[in-house]
Amino acid sequence: GIAMISLVWYGFALNFTLPSMTESNTEEYSRSKLQEEEKIESSMYSMIDELQKEAKDSKAAISKLGSNMEEIQSQLTVLNSLLAKQQAVVNSESDPNSKEKKTPKDILQSVVKNIEGDGWNIATFNDNEPNKHNFECEMVPFGATGHKICVHRFDDVISNVIRRDGNWGDCNILSRFWKTEVASTAVDPVYVEVGANIGSCIMEMLFNTDATIVAFEPNPKNLYPLKKTLSSLPKIYQERVALFPIALGSTKSSSTIYSANNNMGNSHVGKAVTDLDMGRQVFHEKDTFEIKVERLDSILETG
């Protein structure tokens, strides 16, 4: 059972003894080796199964994480929207100038109570309306605005000055006063003009302020060129004006308006009144018209 091996190495004899491999030893060794390999294989399969399970779990976790991220992103979007709205409210409350400004249409709707009455309607700016009195007017430049105003063709004090100077100078102070004393302090103010004549002061306020305007002009002979002028303007200006073809008085009534021959600005309700030439003004029958009179508080909210 013992194998003897002799080696000669540089003149020296070396002797070894090795156990001999019998058939039974070989079998046992092979069996042991096989069992060891089976254990290794089993361990490897277990490791593979474990890795596959972990990979599956990781994939599920990643999918869930992605879903959670989408939900979080959605909630963040909603939160940002709410924060933006809240900030807008805070800014609006802290800064009065940031509040949305009413449009002229909104302002007029809030102050005008009636747009029609017995025998009259609020004026419309339609250049094709019938001209039953056959009135005429002439379009001339209004200052440096690039727009025109319609003035009387006949000899008339105000029309002559506008034709020569481009405006009626007495109106200039109105826009300056409005900017410094009214618009800077009042909320949604309205400029009211009683006796608008042919509209020089209305034009001054339209082009030199952002005022919303309510005007009254009962004389048909002045109303005609005033409406011609407003009809020629862009809609953005027309929307700022409410024009009433009536006079104002203490009671609702019908009356007569009288106008001086060469000064249509000198128009009076009820009787003729001279204001120039110490009584030498002439009042012609053709410049006398029947008109309607209303109380101001029946037309506008005055509280």
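Quick caveat: nothing in here was measured; it's all calculated off a predicted structure.

Here we take up the overall build of the chain. From N to C terminus, the chain includes eight helices and 13 strands. In the chain, once contacts between residues fewer than 6 apart in sequence are set aside, the share between residues at least 24 apart is 64%. Per element, the accessible surface of the chain, about 20,100 Å² overall, is 54% carbon and sulfur.

Another point: helix H2 (residues 104–111). Residues spaced three or four apart along an α-helix point in a common direction, a consequence of the helix completing one turn every 3.6 residues. Among the residues of H2, those classed as buried are Ile107, Leu108 and Val111. Angular distribution of buried residues about the axis of H2 spans 95°; they occupy a single face of the element. In H2, the exposed residues that point more than 90 degrees away from the buried face are Lys105 and Gln109. Its buried side turned inward, H2 meets strand E7 (190–194), strand E8 (212–216), strand E9 (241–244) and helix H8 (296–299).

Reading across from one edge, E7-E8-E9 is the order of the three strands in this open sheet, with parallel pairing throughout. Unpaired on one side and paired on the other, E7 and E9 mark the two borders of the sheet. When strand polarity is set aside, the average angle formed by the axes of neighbouring strands in this sheet is 15°. The pairing of E7 with E8 spans five bridges and is parallel. If you follow Val192 over to E8, its bridge partner there is Val214. Across the sheet, H2 is in contact with E7, E8 and E9; its angle to E8 comes to roughly 50°.

To continue, consider the packing of helix H4 (residues 172–182) against helix H5 (residues 200–208). Here H4 crosses H5 at 40°, and the two axes come no closer than 8 Å. Considering their axes alone, H4 and H5 lie oblique with respect to each other. Both H4 and H5 take part in a crossing whose hand is right-handed. Along the contact surface, H4 presents Asn172, Leu174, Ser175, Trp178 and Lys179, while H5 presents Cys201, Glu204, Met205 and Asn208.

Further remarks concern the packing of aromatic side chains. Aromatic rings in a pair are described by how distant their centres are and how their planes are angled relative to each other. Evaluation of the coordinates by the stated rule reveals seven aromatic pairs. Taking the centre distance of 6.2 Å and the plane angle of 90° together, the rings of Trp178 and Tyr191 count as edge-to-face. In this pair, Trp178 is assigned in helix H4 and Tyr191 in strand E7, connecting sequence segments 13 residues apart. The buried category is assigned to Tyr191, whose relative accessible area is 12%. An aromatic cluster of at least three residues, connected via ring pairs, comprises Trp120, Phe216 and Phe244.

Once that is clear, we can look at the state of the cysteines. Scanning the model with the defined rule gives two disulfides in all. Disulfide pairing is shown between Cys171 and Cys201; the S-S distance is 1.9 Å. Given an S-S torsion of about -75°, the disulfide between Cys171 and Cys201 has left-handed geometry. Here Cys171 is found in the loop between helix H3 (157–165) and H4, whereas its partner Cys201 is found in helix H5, with 30 residues between them in sequence. For the pair shown, Cys171 and Cys201 are each scored as buried. Each disulfide in the chain links cysteines that, numbered along the sequence, combine into the pattern 1-2, 3-4.

Attention now goes to the sheet that holds strand E11 (residues 253–260). Pairing in this open sheet of four strands is mixed, and the strands run E10-E13-E11-E12 from one edge to the other. Every other strand in the sheet has two partners, leaving strand E10 (247–248) and strand E12 (263–269) as the edge strands with one partner each. Sheet analysis places E10 next to strand E13 (residues 288–294), joined by two bridges and oriented parallel. Counterpart to Leu248 in the pairing with E13 is Glu294.

Turning our attention to the nonpolar core. If you look at the biggest cluster of nonpolar residues, it comprises 29 residues, and the most contacted ones within it are Ile202, Ile213, Leu230, Val241 and Leu243. Residue assignment for this core shows that the elements contributing at least two residues are strand E6 (148–152), H3, H4, H5, E8, helix H6 (220–231) and E9. Here this core gets six residues from one element, more than from any other, and that element is H5. If we ignore the near neighbours within four places in the chain, the residues touching Val241 are Leu108, Phe125, Ile202, Leu206, Ile213 and Leu230.

Of all the positions in H4, only Ser175, Trp178 and Val182 are classed as buried. The buried residues of H4 occupy an angular sector of 95° when projected down its axis, which confines them to one face. Exposed side of H4, more than 90 degrees from the buried face: Ile173, Arg176 and Thr180 are the residues found there. Tucked into the core, H4 has its buried residues touching E7 and H5.

The rules behind the values
- Residues numbered from 1 in each chain as written.
- Predicted model: local features only at pLDDT ≥ 70, side-chain atom pairs only at ≥ 80, totals over all residues.
- Heavy atoms only, no water.
- Helix = DSSP H or I, 4+ residues; strand = E, 2+ residues; numbered from the N terminus.
- Contact = heavy atoms within 4.5 Å.
- Areas by Shrake-Rupley, 256 points an atom, 1.4 Å probe, with all protein chains shown as cover.
- Buried < 20%, exposed > 50% of the residue type's maximum accessible area, 1.4 Å probe, protein only.
- Arc of directions from axis to C-beta.
- Pairing = 2+ DSSP bridges.
- Axes fitted to C-alpha atoms, helices over the stretch in contact; angles between N-to-C directions.
- Parallel < 35°, antiparallel > 145°, perpendicular 65-115°, else oblique.
- Left-handed = near helix turned anticlockwise from the far one by under 90°.
- Phe/Tyr/Trp six-rings, centres within 6.5 Å; stacked < 30°, edge-to-face > 60°.
- Disulfide = S-S within 2.5 Å.
- Core = buried A, V, L, I, M, F, W, Y, C linked by side-chain atoms within 4.5 Å.

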